[in-house]
Amino acid sequence: MAEARPEAVSVSRAMALAKGALERVSARVVGEVTELADKPGYKAVYFTLGDESANMPCLVWRDAYEASGVALRLGSLVEVGGSFTAYAPKGRLQFQVRTLAPAGEGVLRLQVAALARRLEAEGLMREDRKRPLPAFPRRVGLVTSPRGKAVHDVIRTLRRRYPCAEVVVAGVPVEGPGAVSSIVAGLRRMAEEPGVDVVILARGGGSYEDLMPFNAEEVARAVAAMPMPVVTGIGHEPDTSVADMVADLRASTPTAAAEAVAPSLDEVAARLAGARARLARALEHVAQRARHRVQLLATRPLFQEAAVLLAPFGLSLDSGRESLERSLPGMVSARRDRTLRARGAMLRLGGHITERRAGRLAPAAAQLEALSPLAVLGRGYALCTDETGARVLTDAGATTVGERVKVRLRRGALGCRVETTEVEA
Amino acid sequence: MTQAKAGLPAEDLSFGEALAELESIVASLEDGRLELEPSIAAYERGVGLLRACEAKLADAEQRVTVLMGELDADEDDAETS
């Protein structure tokens, strides 16, 4: 009688049978996290995945959870891999998670890749669109979340490297709903700000999903349309966002972006020191060259012997004289003949006159001779006059030291300079 | 750009403009084609630019201007305006 009907079993046995059957069902499941219990000290994290019409309780051992790198949050879409099991004490069905990954990421990645290809085809990523960064920015724009590490990392790095630059911050939410339009608004505001010559678009690390606003087409187009170079510092290695691709320069982190934008103070100081040394050296060279040129000129014959300077004039004088001499003789000989004739006639006439007067003249001349001061010179006296010879000097007090005087001797004269004067009282 | 601003007092130039003009003056002096007087004038301008650059670096205090949003205070970011 009992052969047709299975024997009744205990609840424990029944649950053990169910557990055995469930554990043969492995699956990969995508769902939204609808409940979450992540309590410190628990060996596992408990959560529920749901869709429109069903819920599935899950557990993931803490080791596996931490290894996955996924941070579960209510509402996030995840993909889990594992098998069902039953928890006998509570009579509960559970899905035991062995692998955990953000879901939809694959889908997102495909969408992002498609957008990237499209913008690339438009030429927005071409190398020749990438502008060089200003060497010494005056105002650095910063579009990032006003909260968190990124904004302070950038400000601190700019202050350390290059405090001359002013930092202009557009603090905008960079994740969650509205992030895309906020980032775009921040970029546009920065584009209008006068004097901003480079812009940093930054955010700290996060999940691939967190990065999504930087993969939005609107943000990519706003970056591409900026009138000044844009440097991205989106801390999400190894993922590259579309914003990174269209930016003028991609840095790996906010700090790296700030370093790329600002010159290092040390480099600047070294450049200044170099300019200072080169400036002094260059001027010294210029002065040396000028000295050298003056020296070269000073040793030229012109300045060594003034006669050289006058030589050309001497030559033309000589040639003038020559032509004069050539033209003169004829004229001169004609006149000479006439003169000689006139002289002959005069001598003949004058002889009579002079013979008569000579007798009276001779004694007068002898008398005159004796009176002439010049005769005294013959005896070794000298006559001192002023430079022109017009005034005879008779008083030492009437001359001054340094004055030029003329001393006449019996034969010739001396040009002298008064060294001292001795005035008699 | 530095050519247009070459006549301005060195203090009125930005650091980058002053450094760019300074380096172009050094290059033209090193080039050696300037006469003595223009060389000395260039040198004097160069020294002025050098001083202005050094002063800008020495006196630089970072300015932070917030256009949008409200910055969290950070103990390291003392001077925000």
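Just above, that's the structure.
The following paragraphs examine the structure supplied in this document.

Cut-offs used in this document
- Residues numbered from 1 in each chain as written.
- Chains lettered and ligands numbered in written order.
- Predicted model: local features only at pLDDT ≥ 70, side-chain atom pairs only at ≥ 80, totals over all residues.
- Heavy atoms only, no water.
- Helix = DSSP H or I, 4+ residues; strand = E, 2+ residues; numbered from the N terminus.
- Contact = heavy atoms within 4.5 Å.
- Pairing = 2+ DSSP bridges.
- Axes fitted to C-alpha atoms, helices over the stretch in contact; angles between N-to-C directions.
- Buried < 20%, exposed > 50% of the residue type's maximum accessible area, 1.4 Å probe, protein only.
- Core = buried A, V, L, I, M, F, W, Y, C linked by side-chain atoms within 4.5 Å.
- Buried area = accessible area lost by both parts, 1.4 Å probe.
- Salt bridge = Lys/Arg side-chain N within 4 Å of Asp/Glu carboxyl O.
- Polar contact = N/O pair within 3.5 Å; in protein donor to acceptor, adjacent residues only side chain to side chain.

So, about the side chain of Thr48 of chain A. Relative to the helices and strands, Thr48 of chain A resides in strand E2 (residues 44-50). In this structure, Thr48 of chain A is in contact with Glu32, Val33, Thr34, Glu35, Asn55, Met56 and Pro57 of chain A, ignoring residues within four places of it in sequence.

Strand pairing in a sheet is mediated by backbone hydrogen bonds. Such pairs are either parallel or antiparallel. Spatial ordering of the open sheet is given by E10(A)-E9(A)-E8(A)-E6(A)-E7(A)-E1(B), a layout of six strands whose pairing is parallel. Of all strands in the sheet, those with a lone pairing partner are strand E10 (249-251) of chain A together with strand E1 (64-68) of chain B, marking the two edges. The mean inter-strand angle of the sheet, taken between neighbouring strand axes irrespective of direction, is 20°. Across four bridges, strand E7 (residues 166-171) of chain A lies against E1 of chain B in parallel orientation.

With that out of the way, let us pick up the environment of Ser252 of chain A. For Ser252 of chain A, the position within the fold is in the loop between E10 and helix H8 (254-261). The partly exposed category is assigned to Ser252 of chain A, whose relative accessible area is 27%.

Quick look at the nonpolar core now. The tendency in soluble globular proteins is for nonpolar side chains to be buried as a group. Ranked by internal contacts, the top residues of the largest apolar core, which has 44 residues, are Leu142 and Ile200 of chain A together with Phe15 and Leu22 of chain B. Those elements that place two or more of their residues in this core are strand E6 (139-144), helix H4 (149-161), E7, strand E8 (196-203), H8 and helix H9 (265-298) of chain A together with helix H2 (15-31) and helix H3 (36-59) of chain B. Of all hydrophobic cores here, the second largest spans 36 residues; its members include Leu119, Val143, Ala224 and Val230 of chain A.

As a further point, take the interface of chain B and chain A. Across the contact, 44 residues belong to chain B and 44 residues belong to chain A. In this assembly, chain B packs against chain A so that about 3800 Å² is buried in total across both faces, 63% of it on carbon and sulfur atoms. Three residues, Gln62, Leu67 and Met68 of chain B, lead the burial of chain B against chain A; their summed loss comes to 19% of the area buried on that side. On the surface where chain B and chain A come into contact, there are five salt bridges. Our count for the contact surface shared by chain B and chain A stands at twelve residue pairs in polar contact (both at pLDDT 80 or more). Contributing elements (two or more residues each) for the side of chain B that touches chain A: H2, H3 and E1 of chain B.

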